[in-house]
Amino acid sequence: MPKIAYINSKYIKFNEAKIHIEDRGLQFADSVYEVVAIYKKHLVDFDFHIKRLKYSLKELLINFKVEKNKLKNIFNKLISLNKINNGIIYLQITRGIQAREHVYNSKLKPNIIIYARHKKFNLPNNEFKGERAVTFEDLRWKRRDIKTVNLLPNIIAANFASKHKAYE
């Protein structure tokens, strides 16, 4: 389990990380995310993830200015603090907190959630193994170009694959 997370400009103990119950990311999946691979303590395709993050935020009109170098420094500090060699960085930016209402206030302050986690990758080497695969209808909404946190269709597909002893 990670030791340290980054929530709204603060490094805190992972098990003490909290987001308000009326955060729009929790209530409505009104947020975007990126998962960046870490390989040998280095971020993989960081520039691509930042470009896609900016695009997703713009498409959903979430008021957050992406500062690439600041995010890279936070990511690298989390890699160090959590002693990650191979793993992932998870970044989520929610629209913010507001009483439950579909129409959002355009001046909300986004919540920023970032943490690093160890992960073993199935990379081509002496221990590389193939996987069985299944196909599953893509049930996501018609705006799958936006990396939103609404992953329920992915969960359904992953569990279908697992029941068939296959890779998602």
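Before any of the text, the structure's been laid out above.
Residues numbered from 1 in each chain as written. Predicted model: local features only at pLDDT ≥ 70, side-chain atom pairs only at ≥ 80, totals over all residues. Heavy atoms only, no water.

Participant: Give me the lowdown on the layout of surface pockets, citing residues and values where you can.
Facilitator: Considered as a void within the structure, the largest pocket measures approximately 520 Å³ in volume. In terms of lining, the largest pocket is formed by 16 residues, of which the most central are Tyr33, Lys147, Leu151, Asn154 and Glu168. Sort the elements by how many residues they give to the lining of the largest pocket and helix 4 (residues 152-163) lands first, with three residues. The residue inventory of the lining of the largest pocket, partitioned by class, reads seven nonpolar, three polar and six charged. (1 Å grid on protein atoms, 1.4 Å probe; cavity = no way out; pocket = protein on both sides within 12 Å on 5 of 7 lines; lining within 4 Å. Points joined across faces, edges and corners; volume = space filled by probe spheres on them. Helix = DSSP H or I, 4+ residues; strand = E, 2+ residues; numbered from the N terminus. Nonpolar A, V, L, I, M, F, W, Y, C, P; charged D, E, K, R; others polar.)

Participant: Please provide a residue-by-residue account of the sheet that holds strand 3 (residues 31-39), values included.
Facilitator: Spatial ordering of the open sheet is given by 2-1-6-5-3-4, a layout of six strands whose pairing is antiparallel. Each having just a single partner strand, strand 2 (10-13) and strand 4 (42-43) make up the two edges of the open sheet. Of the strand pairs in this sheet, strand 1 (residues 4-7) and strand 6 (residues 111-118) are connected by three bridges, and their pairing is antiparallel. What sits directly across from Ile7, in strand 6, is Ile113. Lying on the sheet, helix 2 (residues 46-60) is in contact with strand 3, strand 4 and strand 5 (87-94); it crosses strand 3 at an angle near 175 degrees. (Pairing = 2+ DSSP bridges. Contact = heavy atoms within 4.5 Å. Axes fitted to C-alpha atoms, helices over the stretch in contact; angles between N-to-C directions.)

Participant: Please give an account of helix 2 that cites residues and values.
Facilitator: An ideal rise of 1.5 Å per residue puts 21 Å on 15 residues; helix 2 measures up with 21 Å between its terminal C-alpha atoms. Along helix 2, the residues that are buried comprise Phe46, His49, Ile50, Leu53, Ser56, Leu57 and Leu60. The buried side chains of helix 2 occupy one side of the element, clustering within an arc of 130 degrees when seen end-on. For helix 2, the exposed residues set more than 90 degrees away from the buried face come down to Lys51 and Lys58. (Expected span 1.5 Å × (residues − 1). Buried < 20%, exposed > 50% of the residue type's maximum accessible area, 1.4 Å probe, protein only. Arc of directions from axis to C-beta.)

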